Amino acid sequence: MKKLLARTFSLVMLLNLITGCAHPAEEQEELKNIKIGISVYNQYDTFISELMTAAEEHVQEMEEAYGITITLDVQNAGSNQVTQNDQMSYFIDRGCDIVCINLVDRTDASTIIERGKSADIPIIFFNRELVEEDLERWDKLYYVGADAFESGIIQGQILVEALEEDFAAVDRNGDGVIQYVMLEGEAGHQDSIVRTMYAINTVTEAGYEVEKLADEIANWNRDQAKTKMVQWMQEFGDGIEVVFANNDDMALGARDALKEAGYYEDEVMQLPVILGIDGTTAGLEAVENEEFLGTVLNDSVGQANGMMELAYAVVSGNELSTEFTLLDEKYIRLPYQKVVKDNEKTTKE
Ligand code: GAL
């Protein structure tokens, strides 16, 4: 009898392992609604707002596919870490099953982690990558984003390809050196530091000589970038051959400055090459209109879908959708893609 009981017990354990059930069957059946709290660092950031739209759309598909309702409670931290910390407490009080955090200050995740941990609410961080030691502080912490260095390399490669094809068209003053300006995102942001470094390294490693005319932070913002570009145009005149921007909004700011100065109507004025990153709707249009030489698609849809699927998997105890891979049981990273006029990816799929 003892043997029989032991065998039955192991069989049940084995079945649980095979089906991956974390919860007893009755508990699983009860899961009819999931509440997800989301805090974005700044709701006016174009890339983030496109990502949120994608999340809202994907949740509707998931509701049909999984036969549950999913409630999203989206809050704007307004670039204030203290506000975001309070939003974490609000999500806990509201009974959220899981919380997604787009950190204001990626080096200051501790309060949010502690609050999540004491309430046993898992947290998915996204887009603004916290330091690895913070992510290791609890096994219910995750990160969804992309590898910044890939975007820098691809941005550099777009320029290298143009230089290989027609060096003189970019090196307009014919001095054999590429004069550039760099519009940087945000101090301390992984995507600013890494994109800036890898984009330039890719060009110099391909054997081209570059000269930095100026390099300034414009906080991912179109208007701030436009102001910087106006100053640089006064300072360097037609001497700017390439504008690197850490994102499309800032590249559009540079484009706006050139447009206002009449560069697009005047045959004599020499337009610099503009390079963005993100592939936002406006960024893709600028590639299509040949105002940007290219951009790098930062997959907002993939990141949004991955984040929502992961939230569902964590809360329900079901397997993560096979479309996504969870690396080291913590990370989902989506690849970047090159976007130039002559490939078909000038529109979002
Ligand atoms: C970057 C994106 C920027 C900005 C930033 C915010 O990945 O390229 O446009 O949205 O995230 O953290």
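Refer to the structure printed above.
Residues numbered from 1 in each chain as written. Predicted model: local features only at pLDDT ≥ 70, side-chain atom pairs only at ≥ 80, totals over all residues. Heavy atoms only, no water.

> Before we move on, can you summarise the sheet that holds strand S5 (residues 141-145) with the specific residues and values?
If you trace the six strands from one edge of the open sheet to the other, you get S2-S1-S3-S4-S5-S11, paired in parallel fashion. One side of each edge strand has no neighbouring strand; the edge strands of this open sheet are strand S2 (69-76) and strand S11 (331-333). With strand direction ignored, the average angle separating the axes of adjacent strands in the sheet is 20°. The sheet strands contacting helix H4 (residues 81-93) are strand S1 (33-40), S2, strand S3 (98-101) and strand S4 (123-126), and the helix crosses S2 at an angle near 155°. (Pairing = 2+ DSSP bridges. Helix = DSSP H or I, 4+ residues; strand = E, 2+ residues; numbered from the N terminus. Axes fitted to C-alpha atoms, helices over the stretch in contact; angles between N-to-C directions. Contact = heavy atoms within 4.5 Å.)

> Let's hear about the nonpolar core: which residues, and what values?
Formed by 61 residues in total, the largest nonpolar core has its most connected members in Ile-36, Ile-124, Leu-183, Met-229 and Met-308. Residue contributions to this core reach at least three from each of two domains, namely domain 1 (32-146 + 299-334) and domain 2 (149-297). Setting aside anything within four residues of it in sequence, one finds Ile-124 in contact with Ile-98, Val-99, Cys-100, Ile-101, Tyr-142, Val-144, Met-307, Leu-310 and Ala-311. By size, the runner-up hydrophobic cluster in this structure holds 22 residues, among which are Val-160, Tyr-180, Ile-200 and Ile-277. (Core = buried A, V, L, I, M, F, W, Y, C linked by side-chain atoms within 4.5 Å. Buried < 20%, exposed > 50% of the residue type's maximum accessible area, 1.4 Å probe, protein only. Domains from an automatic or database assignment.)

> Can you explain the packing of H4 against helix H5 (residues 110-119)? Please cite residues and give values.
Between H4 and H5, the shortest axis-to-axis distance is 9 Å and the interhelical angle comes to 10°. When the axes of H4 and H5 are compared, the pair comes out roughly parallel. Residue-level contacts link Gln-81, Gln-84, Asn-85, Asp-86, Met-88, Ser-89 and Ile-92 of H4 to Thr-111, Ile-112, Arg-115, Gly-116 and Ala-119 of H5. (Parallel < 35°, antiparallel > 145°, perpendicular 65-115°, else oblique.)

> Before we move on, can you summarise a negative patch on the surface with the specific residues and values?
Together, Glu-132, Glu-133, Glu-136, Asp-139, Asp-328 and Glu-329 make up a negatively charged patch on the protein surface. Within the secondary structure layout, Glu-136 lies in the loop between helix H6 (132-135) and S5. (Patch = residues over 30% accessible without salt bridge, like charges linked within 9 Å, V, L, I, M, F, W, Y side chains within 5 Å. Areas by Shrake-Rupley, 256 points an atom, 1.4 Å probe, with all protein chains shown as cover. Salt bridge = Lys/Arg side-chain N within 4 Å of Asp/Glu carboxyl O. Lys, Arg positive; Asp, Glu negative; His and termini not counted. Charge placed at Lys NZ, Arg CZ, Asp CG, Glu CD.)

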